[in-house]
Every structure is written in C-alpha cells, then in structure tokens.
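Summary of the model geometry
Each chain is listed here by its residues.
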Amino acid sequence: MRIHLLGTRGSLPTPGPDFVRYGGNTSCVAIARDGEAPSLILDAGTGLATAASILGERPFVGSILLGHLHWDHVYGLPFFRNGDKVDARVSVYLPGQDNPGGMLHRVMSPPIFPIDIQTLRGNWTVSGLEPGTVEIEGFTILALDIPHKGGRSFGYRIDDGTNTIAYLSDHNPYSLGPGPDGLGEYHDTALRLAADVDLLIHDSQYTPAEFEERHDWGHCSFGYPINLARVAGAKRTLLFHHDPSRTDEQLDVMAAELKEPGVEFAVEGSTIELGAESDG
Ligand SMILES: [Zn+2]
Ligand SMILES: [Zn+2]
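These remarks concern the structure in this document. Owing to the predicted nature of the structure, the values given are computational and were not obtained by experimental measurement. (Residues numbered from 1 in each chain as written. Chains lettered and ligands numbered in written order. Predicted model: local features only at pLDDT ≥ 70, side-chain atom pairs only at ≥ 80, totals over all residues.)

As a further point, take the overall build of the protein. A count of helices and strands for the protein gives 6 helices and 14 strands. Taken over the C-alpha trace, the protein has a radius of gyration of 17 Å; the compact-globule value for 280 residues is 19 Å, and the two agree within 12%. (Helix = DSSP H or I, 4+ residues; strand = E, 2+ residues; numbered from the N terminus. Rg over C-alpha atoms; globule rule 2.2 N^0.38 Å.)

The next thing to look at is the environment of T14. Mapping T14 onto the fold places it in the loop between β1 (2-7) and β2 (28-32). Separated by 47 residues in sequence, T14 and V61 place their C-alpha atoms 29 Å apart. Other than its neighbours up to four places away in sequence, T14 contacts R9, F19, G24 and P244. (Contact = placed C-beta atoms within 7 Å.)

Before going further, it helps to examine unusual backbone geometry. In this structure, P111 follows P110 across a cis peptide bond, with omega equal to 5°. Topologically, P111 is positioned in the loop between α2 (100-107) and β6 (123-129). At H241, a position not held by glycine, the phi torsion is positive, near 65°. Mapped onto the elements, H241 comes out in the loop between β12 (237-240) and α6 (248-257). H241 gets classed as buried once you count the C-beta atoms within 10 Å, which come to 27. (Buried ≥ 20, exposed ≤ 12 C-beta atoms within 10 Å, placed from the backbone.)

Structure (structure tokens):
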C-alpha cells in the first residue's frame, strides 16, 4: 500500500513562508495498491487540488471517502483536475444522511461556488455510507461514527489485504469523557478502527495548553493519538490536521520533544510505502 499525503493542515489552508515544510493544504490523503495508481482518496481538502502531482494528466478512476462535510474537507472537490476529465469516474462517499448528493450540493453550488459537482466532466456520483464494512475499489473499509463537532463524522479503517491503516482526521474523544489521562476516552470505536494497524493517521490539532481552552472545539491534543496507538497496538502514527496557527518551527520543536518511537508529524507531499514486511 502506498499513501500520499496531499494535505495535512486542519481547518484552514495556510499559505506563506512559515508553513512550507509541513504544508498548508487541508486534509487529503491518496491511497494506492502496490504498483497501481491511487484509486482511493480520503477527504477532499485543498490538497486534492495538487493531485496531479501524483496522477499526472490521467483521469482519476476511483473513490473519495469524506470523513465529514466541513469546508476544510471538501474545498478541493471543484479543483480536482484529474476528476474533471471526460474519462474520469469519481464515486464520492460520505456519512449517511438524507439526500447525500443534495447535502454536497449545498456546500458546492451557486451562490456559494460558481458550479455544481455535476458540472465537472466525468462520471461523478455521491452516496451515503452506513457504519460497517464495505468493499470499495478493492479495499476492505470499515466506516464508523466518531465524535467530532457539527455534523456526522466517520473514521475509516482501510485494508488492502496486506496492510491496514486507520484515518481519524477530526476526532474529539473528550466529548465522551476525559478518559484516564484527561485527553479523552479511548472508546471502543477508536480502538476498533486503530487496532493493530500498520499506520494510524489521526487528528493532532492542539498542544496540551491549547486543549485546556478548546477541549470542546471538536478536536484533540497530540497526546491522544500517541496514547491511542499504544493502547490499540498501532505500529506507526502520523499526527495530522495541524492547527492553522502552527508554524514549521513550532512543529519542529514539538517533533524534537516526541519520545515515542514510530510517531511523527505528517508532512504534506510525503509518501509512505507499507509492505508485507512493514514493521512501521
Ligand atoms: Zn477538519
Ligand atoms: Zn471538521
């Protein structure tokens, strides 16, 4: 399995010299089976607009799984040039709700945006997912509700038959209670999604000090995924969805202070190869 991090920022794109190394594009992760072009994309933040960096000029044929519909996870859709091609097929999935296509239309249609998703070339469809296991693009995907804020949100567990990853981009486990360490509950859903995965990609929006003030803002501090990985047996962890105020310099300092092996802050533009021998 090959994982391309096209956008690692949370909440708001962050251009400018202070954000070039960890990246300013919002959540978007492309996944490919070994030896193939990426066919599965997690979230459609502004990172999706850079997909040509990995797809070249070819039309995208595959699926996009949206964790939820917040702006920072959908703003890349109309700028997905590989999806805007005659031969493209883009199957968009989002957490089940009444009229999922209409819900996406609400965030991408005039007067909010000049065009509707159906204006794009290619065969675009939008479907709702219910919690459970589903086969999409040859991947076995477990989709489960996770606590966030403002709208239904899913975390995903993705298995290609050799490797398994978990993706919880926006996660507020504190809403279920403070848990044993005050960072939030290590609840069953988070444990199921992250159990023994080769790679955990997880919300790490806040520092401990920020989290004191913002524990009800829909996210968690970076200590939570580190501990979740330990409890669930995740081999490697990418701290993801960086707060828009977090500069490269600050992330470097935080990274230098990390004591856990196999834990790092996600870097936009990087590629991770997992394999049969993957030990993290
Ligand atoms: Zn977000
Ligand atoms: Zn969100």
